[in-house]
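Understanding the architecture of this molecule
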Amino acid sequence: MASGAGSNFEGLVAACRSQQLAAEVALLVVNNPGCGAEQRAARLGVPCQRIDHRDHASRQSLDRALIEAFRQAQVDLVVMAGWMRIVTPVLVDAYPDRLINIHPSLLPSFRGLDAVGQALAAGVQLTGCTAHLVRPEVDAGPVLVQAAVPVHAGDDHDSLTARIQRQEHRILPLAVALAAARLAA
Ligand code: GRF
């Protein structure tokens, strides 16, 4: 599931194709027509379905459409890789311990929107990213993997985002493998 540039999506596809991750990205779902993630899917040859939240009267209705797409694609795990919509218990309960999110902070610090801006405003010297299992509360749930990232003097939003994203691309495949291992156990 992606809403924006899709670099985490592409990182997951690369991890699968290099056999670092014993998995396959069966389907990308995007909500924003023409977003970078959709373009990457076309380039990478990954099936992509557009499920636009603007076509749904409620968050629950959007989640039901997502579930239908995932059932048809027979997915085992779902990754919110930059999905900029709040999901409801409809989706969370359909994929118990099978729904993963990546967030650009060391949770529980800086939940919600613009975590990088929040970290810069707070003046912290260390931030990072978190891959976690999704629970109904926003940006909460059992941590799978975290990476710490230093904030450098003179960092701006773009430079800090780029440093965090390099770590996101590293930890998200690890988190998928860990979530799968937890299910198998
Ligand atoms: C990532 O920073 C992720 O943590 C946040 O949204 C961003 C998505 O980036 N939830 P991309 O679309 O994967 O490039």
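See the structure shown above.
Everything quoted here is computed from the prediction, not taken from an experiment.

1. Digging into the side chain of Ser3
You can see Ser3 is positioned in the segment before helix H1 (7-17). The class for Ser3 is buried, based on a relative accessible area of 5%. The contact partners of Ser3, leaving out residues within four places of it in the chain, are Asn31, Asn32, Cys35, Gly82, Trp83 and Met84.

2. Notes on the site of the ligand
Close to the ligand lie Gly4, Ala5, Gly6, Ser7, Asn8, Ala81, Gly82, Ile102, His103, Pro104, Gln165 and Glu168, which account for all nearby residues. At 2.6 Å from an oxygen atom of the ligand is found a side-chain nitrogen or oxygen belonging to Ser7. Pro104 is positioned such that a nitrogen or oxygen atom in its backbone is 3.5 Å from an oxygen atom of the ligand. For the ligand, the protein covers 86% of the area, taking 360 Å² as the surface of the free molecule. Elements represented by at least two residues in the shell around the ligand include exactly H1, strand E4 (99-103) and helix H6 (157-184). In the shell around the ligand, the residues fall into four nonpolar, seven polar and one charged. Residue assignment places the shell around the ligand across two domains, with domain 1 (1-95) and domain 2 (102-185) each supplying three or more.

3. Describing the pairing of strand E5 (residues 126-133)
A large share of E5 lies buried, amounting to seven of its eight residues. With four bridges connecting them, E4 and E5 associate as antiparallel partners. Paired with Ile102 across the strands is Ala131, a residue of E5.

4. Some words on the environment of His157
Assignment of secondary structure puts His157 in helix H6. Once the C-alpha coordinates of His157 and Gly117 are considered, the two residues, 40 residues apart in sequence, prove to be 6.5 Å apart. In this structure, His157 is in contact with Asp114, Val116, Gly117 and Leu120, ignoring residues within four places of it in sequence. Within the structure, His157 has its side chain in polar contact with the side chain of Asp114 (distance 2.7 Å).

5. Quick notes on the packing of helix H5 (residues 115-122) against H6
For the pair H5 and H6, interaxial distance at closest approach is 10 Å and the crossing angle is 115°. Between H5 and H6 lies a crossing of right-handed hand. Residues Val116, Gly117 and Leu120 of H5 pack against His157, Leu160, Thr161 and Ile164 of H6. Broken down by class, the residue content of the contact of H5 with H6 amounts to four nonpolar, three polar and no charged.

6. Looking at the sheet that holds E5
The mixed open sheet is built from four strands, whose spatial order is E3-E4-E5-E6. Single-partner strands in this sheet number two, and they are strand E3 (78-80) and strand E6 (143-150). Across the sheet, the axes of successive neighbouring strands diverge by a mean angle of 15°, strand direction being ignored.

7. Considering the pairing of E4
Buried residues dominate E4, accounting for five of its five residues. Residue alternation in E4 divides its side chains into two sets, Leu99, Asn101 and His103 and Ile100 and Ile102, and both sets are buried. Pairing of E3 with E4, which is carried by three bridges, proceeds in the parallel orientation. Each residue of the ladder has a partner; that of Met80, found in E4, is Asn101. The β-α-β motif built from E3, the intervening helix H4 (residues 89-94) and the parallel element E4 has right-handed crossover chirality.

8. Comments concerning H6
With 28 residues, H6 ought to run about 40 Å at 1.5 Å a step, and its terminal C-alpha atoms sit 39 Å apart, in line with that. Helix geometry: H6 is bent most strongly at Ile171, by close to 25°, with proline Pro173 lying one to four residues after it. Of the residues making up H6, those classed as buried are Leu160, Arg163, Ile164, Glu168, Ile171, Leu172, Pro173, Ala175, Val176 and Ala179. In this fold, the buried residues of H6 make contact with H1, E3, E4, H5, E5 and E6. You can read the cap of H6 off the contacts: a side-chain oxygen lies 3.2 Å from the backbone nitrogen of Asp158, and it is on Asp156.

How each quantity is defined
Residues numbered from 1 in each chain as written. Predicted model: local features only at pLDDT ≥ 70, side-chain atom pairs only at ≥ 80, totals over all residues. Heavy atoms only, no water. Helix = DSSP H or I, 4+ residues; strand = E, 2+ residues; numbered from the N terminus. Buried < 20%, exposed > 50% of the residue type's maximum accessible area, 1.4 Å probe, protein only. Contact = heavy atoms within 4.5 Å. Near = heavy atom within 4 Å. Polar contact = N/O pair within 3.5 Å; in protein donor to acceptor, adjacent residues only side chain to side chain. Areas by Shrake-Rupley, 256 points an atom, 1.4 Å probe, with all protein chains shown as cover. Nonpolar A, V, L, I, M, F, W, Y, C, P; charged D, E, K, R; others polar. Domains from an automatic or database assignment. Pairing = 2+ DSSP bridges. Axes fitted to C-alpha atoms, helices over the stretch in contact; angles between N-to-C directions. Left-handed = near helix turned anticlockwise from the far one by under 90°. Right-handed = clockwise from strand over helix to strand, strands pointing away. Expected span 1.5 Å × (residues − 1). Bend = angle between axes of the 7 residues up to and from the residue.

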